[in-house]
Each structure stands twice: as C-alpha cells, then as structure tokens.
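Chain and residue survey
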Amino acid sequence: MYDERTIAVHEAGHAVAHCRFFPDMSRGEPTIVANEEENEAGYHKVLEELSFPWTDEETPEQREAFKKYATYACAGYAATIAAGYGQEVAAYGCLSDFEMAQETSSLPLDEVKELAVEFMCRPENVVAVQRISEELLKRHTLDADHVDVLVDLADGETTEDEYQRYLAMRKAAGQPID
C-alpha cells in the first residue's frame, strides 16, 4: 500500500517534527531503506533517546513535553495527510507510532493525531517535508546534518546556492550525497 514516495513523506514528517520540537537534541537520520528485521518500510533513527523524568504528579512542562513527543510520534502519519494522501494510506504502517503516542501522552490518540496534522499542515512544515522527502527519494538515507540544512533551506535561512555549496563540500570530503 505504501510506495517509496509515501514512505519518504512519512519519514520526512518525523524528521521535521524532531527538528521543530527538540532543537537542542541531536537530530535523527531518516531513511526509506527497509528494515526487514523490524518489519519497517523506513524509519527515523533517533540518535539521542528522548526521555522525560517520570513523577507521580506531571508538571505542566512535562505534560507539554509528553504532548510534543506524542505529536512527533504521529508526525509521519500527519505529514502524509498534509501531502494529500487519505487517512487509510497515511495510517498504513503506523501502528508502532500510534502505540508510542498513546504510551507517551494522556491525550486520546485521535486528539494527538489532530494536533499532529494541524502542525504538519503549517506551510513551513509542508515545504520542509517536501524538500526532505525529495532528497530521501534521491539518496535513500540522510544524516542529521543534511536534515538540518534542508530544514534551514525550507525556512529560508539557507539559500539554494548555499545548499549546492554544502553538497559540493560533502562530496569533496568523501561524504555520500547520492
């Protein structure tokens, strides 16, 4: 049911949400290369595990952090919706994402999904997902630095010329770009 383009949009959604919600954490690496061991069509490998201190009483800060994490978990689904796919296509393969969202937040899953869709439909996120998914289709896997540059490019903080210089520097340094 998922094709490579849909997988790229899904994984780009996770990458964009991670950049937006957790800017001080190391970035993840999205890939559309299947992980057959985990039965995943693609995935967003987080380099630094997100964790929050658990207490008997949630503070407002913890509640907000849990909501962000749950929204991040549903961001692949939401990016797929924002890209114009139907709910059935968007939900395909999202079981573990939805379980993570439910384990993290006390909000009902439907509410978290709505928050995620609202977040991923913001124009700046739509553009960032589009740029990252296009690059995923070309390169199959992106490292964290590449994701950051693409988000900056989508946000207008980096120009297309600067991006091309970035790619040339990566190539000159022997880093994969294709």
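The following refers to the structure shown.

The rules behind these values
- Residues numbered from 1 in each chain as written.
- Predicted model: local features only at pLDDT ≥ 70, side-chain atom pairs only at ≥ 80, totals over all residues.
- Heavy atoms only, no water.
- Salt bridge = Lys/Arg side-chain N within 4 Å of Asp/Glu carboxyl O.
- Helix = DSSP H or I, 4+ residues; strand = E, 2+ residues; numbered from the N terminus.
- Buried < 20%, exposed > 50% of the residue type's maximum accessible area, 1.4 Å probe, protein only.
- Core = buried A, V, L, I, M, F, W, Y, C linked by side-chain atoms within 4.5 Å.
- Contact = heavy atoms within 4.5 Å.
- Axes fitted to C-alpha atoms, helices over the stretch in contact; angles between N-to-C directions.
- Parallel < 35°, antiparallel > 145°, perpendicular 65-115°, else oblique.
- Left-handed = near helix turned anticlockwise from the far one by under 90°.
- Nonpolar A, V, L, I, M, F, W, Y, C, P; charged D, E, K, R; others polar.
- Arc of directions from axis to C-beta.

Examining the pattern of salt bridges
A full pass over the atoms with the stated rule returns 6 salt bridges. Two residues, Glu 135 and Arg 139, come together in a salt bridge whose shortest N-O distance is 2.6 Å. A residue pair is termed a helical-turn pair when its members lie 3 or 4 positions apart in one helix, as Glu 135 and Arg 139 do in helix α7 (residues 123-139) at 4 residues. Judged by its relative accessible area of 2%, Glu 135 is buried. The salt bridge involving Arg 170 is made with Asp 143; its shortest N-O contact spans 2.8 Å. Of this pair, Arg 170 sits in helix α9 (residues 160-172) while Asp 143 sits in the loop between α7 and α8 (144-154), placing them 27 residues apart in sequence.

Comments concerning unusual backbone geometry
The backbone of His 140 shows a phi angle near 75°, a positive value even though the residue is not glycine. Within the secondary structure layout, His 140 lies in the loop between α7 and α8.

Focus on the nonpolar core
With 46 residues, the main nonpolar core has Met 120 and Ile 132 as its most contacted residues. The set of elements that each furnish at least two residues to this core consists of α1 (4-21), α2 (60-73), α3 (75-82), α5 (95-104), α6 (109-120), α7, α8 and α9. If you tally residues by element for this core, the top one is α1, at 9 residues. Not counting chain neighbours up to four residues away, the residues in contact with Ile 132 comprise Ala 12, Ala 15, Val 16, Leu 142, Val 147, Leu 150 and Val 151.

Quick word on the side chain of Asn 125
Considering the arrangement of structural elements, one finds Asn 125 in helix α7. Filtering out sequence-adjacent residues up to four positions away, Asn 125 remains in contact with Val 16, Arg 20, Phe 119 and Met 120.

Some words on the packing of α8 against α9
Direction vectors running N to C along α8 and α9 enclose 165°, while the axes themselves pass 10 Å from each other. Judged on the interaxial angle alone, α9 and α8 are roughly antiparallel. Here the hand of the crossing between α8 and α9 comes out left-handed. Facing Asp 145, His 146, Val 149, Leu 150 and Leu 153 of α8, the residues of α9 in contact are Glu 160, Tyr 163, Tyr 166, Leu 167 and Arg 170. When grouped by side-chain class, the residues that make up the contact of α8 with α9 number 6 nonpolar, 1 polar and 3 charged.

Some thoughts on α5
Within α5 the residues assigned to the buried category are Asp 97, Phe 98, Ala 101 and Thr 104. For α5, the angular spread of the buried residues around the axis is 130°, confining them to a single face. Set apart from the buried face of α5 by more than 90 degrees, the exposed residues are Leu 95 and Glu 103. Looking at the buried residues of α5, the elements they touch are α1, α2, α3, α4 (87-91) and α6.

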